[in-house]
Amino acid sequence: MRIRRIKVHNYAGITEAEVSFPSEGITIVQGPNEAGKTSLIEAVDLILDLQDSSNHRRVKEVIPVGKDVGPEVEIDMTAGVYEFTYSKRWKRSPETVLEISQPAREQLTGRDAHD
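Student: Looking at this structure, how should I read the side chain of Thr 96?
Tutor: Position of Thr 96 among the secondary structure elements: in strand β5 (residues 95-102). A polar side-chain atom of Thr 96 sits 2.9 Å from a polar atom in the side chain of Asp 52. Among all residues touching Thr 96, those that are not within four sequence positions of it are Asp 52, Tyr 86, Ser 87, Lys 88, Leu 108, Thr 109, Gly 110, Ala 113 and His 114.

Student: Just to check I follow, could you spell out the nonpolar core for this structure?
Tutor: For soluble globular proteins, the rule of thumb is that nonpolar side chains tend to be buried together. Core analysis: the biggest nonpolar cluster contains 21 residues, and Ile 6, Val 8, Tyr 11, Leu 46, Val 73, Ile 75 and Trp 90 have the highest contact counts within it. Put simply, the parts of the chain that give this core at least two residues each are β1 (2-11), α1 (37-49), β3 (72-79), β4 (82-89) and β5. Ranked by residues supplied to this core, first place goes to α1 with 5 residues. Setting aside residues no more than four positions away along its own chain, Val 8 makes contact with Ile 14, Thr 15, Glu 16, Ala 17, Leu 40, Ala 43, Glu 72 and Val 73.

Calculation notes
Residues numbered from 1 in each chain as written. Predicted model: local features only at pLDDT ≥ 70, side-chain atom pairs only at ≥ 80, totals over all residues. Heavy atoms only, no water. Helix = DSSP H or I, 4+ residues; strand = E, 2+ residues; numbered from the N terminus. Polar contact = N/O pair within 3.5 Å; in protein donor to acceptor, adjacent residues only side chain to side chain. Contact = heavy atoms within 4.5 Å. Core = buried A, V, L, I, M, F, W, Y, C linked by side-chain atoms within 4.5 Å. Buried < 20%, exposed > 50% of the residue type's maximum accessible area, 1.4 Å probe, protein only.

Shown next as structure tokens:
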């Protein structure tokens, strides 16, 4: 599995950020304290582990303080012959979408996309 891009919106202390990764080699994420390195890693774990309807403490911890918004994460990934975009929003208008672009186009939503 290789992550090509990750985008977060209203996620913890990040209003919006997008990071693209090279298609080959090993990637090292480096930066100063409080730059969002750990948040990006946690965002990948969250999108893969928890449903958009989850009330788990990990979801509650990434809701921006003082805002009535739902944290959102979107990742472009490859896994074997599969290329896909997976996006999820928790709390405010929960939504999960899986768009498979290779080997055959397909779009799944909700629980089907999560599973």
